[in-house]
Structure formats: C-alpha cells, structure tokens
Amino acid sequence: MEICVFGAASKTIDEKYIKTVEEMGEFLAKRGHNLVFGAGRTGSMGAAERGFKKGGGKVHGVVPKFFKKDLDDFVDWDCDKLTLTDTMRERKAVMEDAADCFIITPGGAGTFEELFEVLTLKQLGQHRKPIALYNIDGYYDKLIEAMEYSIETKFIKPENRALYKLFTSLEEMAEYLENDDMEGLTVHDLK
C-alpha cells in the first residue's frame, strides 16, 4: 500500500515524537508498504521518511515548487519519486490521490487542515480510504474530545466516528489500515 503520512515539519518538536514516527515508518515499510508525504526532511515528515527508508520502503515526496526558493532547507529533494506542484492545494490533491490510506501523526495547523480535508472527503463519499490518527503521548486526546462534543451537540452524526480511528499500537493501526471496511457504512449513513 501507499501510505500517506501527514505530520509536523517543525524543527523544534520533542524528540519523543520524532523517534516514535521513525519507528512507525520502519515498521510499516517492513510490512511491505511505501510512503507518500510532503517531502519534508524535518519534524515528523522527515522521521517518517527515514523510517520507511530504513525499513526498505520507497518514498514519494510531493512539494510545491515555491519551496525551492523560500523553504529549501525543509525539503528532501532526493526522494525515490518527487512530484512538484504549483500550489499547496495541488500538493494535497496529489498526495490524496496517490494514497491508499492516511496516517495523521502529531502536527500543527497544516496537519489539522489535511486531516479535516480527508475526513470531509470521506464523509462526502469521495473516497473510502482508512484514516488513522496516531495518538503519540495523548496528542490527539483533546481533538477527540472536541469531535465528541460536536457529536453530542448534533453537529456531527455519531456514525461519523467510523470515518477514522485513533491508535497508540502500531500493530492495531496496521491491521486497520490493511483491512478497514468502514463498518459497512455508506455516504447516506454519514450525512
């Protein structure tokens, strides 16, 4: 499978996130999977890439051309496959199309945007790809609380819990990514 990993590019995040994401990449690559990501060499993105390479996987980086001018030091220009885009929107579309599933590792505003885009597209029936939130050190606990509050207040249907799953175990996450059937729900159940 081609696994799209969304996560932080920050150079200042705690090493516990870096180490855990790198271990995740190696684990998944050893199961025969490859990485699709934002071509970052820093933060969680860089960790995912190093892990997949260490485990023998291939990496497909997707990055807007303007990074070459303004953000060159954040990019690994030496991926197995590198796709250059004109915009950030196009970057996301390429990653989404190339992926068989998504893992959301801890990240900031860009990662949240990527998560909610793939969630929304799945809710609207534009894909049925598994979405896993890798809850390293409880990072996504508060986000899940917010989602549950939205369900309690009827802004989100309870069935939408099937759109994604939260994981701390690599084995359980891999099993979900490789076998998810969305609990048999259709777009009509989710709207």
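Please refer to the structure placed before this passage.
Residues numbered from 1 in each chain as written. Predicted model: local features only at pLDDT ≥ 70, side-chain atom pairs only at ≥ 80, totals over all residues. Heavy atoms only, no water.

Caption draft 1: Looking closely at the sheet that holds strand E5 (residues 101–104). Here we have 7 strands laid out as an open sheet, ordered E4-E3-E2-E1-E5-E6-E7, and parallel in their pairing. Because the sheet does not close on itself, it has two edges, and the strands there are strand E4 (81–85) and strand E7 (165–167). Strand-to-strand, the axes of this sheet are offset by a mean angle of 25°, without reference to chain direction. Here strand E2 (residues 34–37) pairs with strand E3 (residues 59–64) via 3 bridges, running parallel. Bridging from a neighbouring strand, phenylalanine 37 pairs with glycine 61 of E3. Running at roughly 150° to strand E6 (residues 131–134), helix H5 (residues 109–123) makes contact with strand E1 (2–6), E5 and E6 of the sheet. (Pairing = 2+ DSSP bridges. Helix = DSSP H or I, 4+ residues; strand = E, 2+ residues; numbered from the N terminus. Axes fitted to C-alpha atoms, helices over the stretch in contact; angles between N-to-C directions. Contact = heavy atoms within 4.5 Å.)

Caption draft 2: Highlighting the nonpolar core. Ranked by size, the top nonpolar core spans 31 residues in total, and within it Ile3, Val5, Met24, Phe52, Ile103, Met173 and Leu177 carry the most contacts. Among the elements of the structure, E1, helix H1 (15–30), E2, helix H2 (43–54), E3, E5, E6 and helix H7 (170–179) are those that each provide at least two residues to this core. Ranked by the residues each element gives to this core, the list is headed by H1, at 6 residues. With near-sequence residues (within four places) excluded, phenylalanine 52 lies in contact with Ile3, Val5, Gly25, Glu26, Leu28, Ala29, His33, Asn34, Leu35, Gly57 and Val59. Counting residues in hydrophobic clusters, the runner-up holds 19 residues, among them Val118, Ile131, Leu163 and Tyr164. (Core = buried A, V, L, I, M, F, W, Y, C linked by side-chain atoms within 4.5 Å. Buried < 20%, exposed > 50% of the residue type's maximum accessible area, 1.4 Å probe, protein only.)

Caption draft 3: Representation of helix H6 (residues 141–152) within the structure. In a regular helix each residue adds 1.5 Å, so 12 residues correspond to 16 Å; H6 covers 16 Å between its end C-alpha atoms and thus fits that length. Residues Leu143, Ile144, Met147 and Ile151 constitute the buried set of H6. The buried residues of H6 occupy an angular sector of 100° when projected down its axis, which confines them to one face. Turned more than 90 degrees away from the buried face of H6 sit Lys142, Tyr149 and Glu152, all of them exposed. Here the buried face of H6 lies against H5, E6 and E7. Positive backbone phi, approximately 65°, marks lysine 154, located one or two places after H6. (Expected span 1.5 Å × (residues − 1). Arc of directions from axis to C-beta.)

Caption draft 4: Structural context of H7. Among the residues making up H7, those that are buried are Leu170, Met173, Ala174, Tyr176 and Leu177. The arc enclosing the buried residues of H7, seen along the axis, measures out at 160°, which places them on a common side. Structurally, H7 contributes buried residues whose contacts are with E1, H1, E5, H5, E6 and E7. Measuring from the side-chain oxygen of the N-cap residue of H7 to the backbone nitrogen of glutamate 171 gives 3.4 Å; that N-cap residue is serine 169. (Polar contact = N/O pair within 3.5 Å; in protein donor to acceptor, adjacent residues only side chain to side chain.)

Caption draft 5: Structural context of the pattern of salt bridges. Under the counting rule described, the total for this entry stands at 13 salt bridges. With a shortest N-O distance of 3.4 Å, glutamate 49 and lysine 53 are connected by a salt bridge. Within this pair, glutamate 49 and its partner lysine 53 are both found in helix H2, separated by 4 residues, close to a single helical turn. Judged by relative accessible area, glutamate 49 falls into the buried class, the value being 3%. (Salt bridge = Lys/Arg side-chain N within 4 Å of Asp/Glu carboxyl O.)

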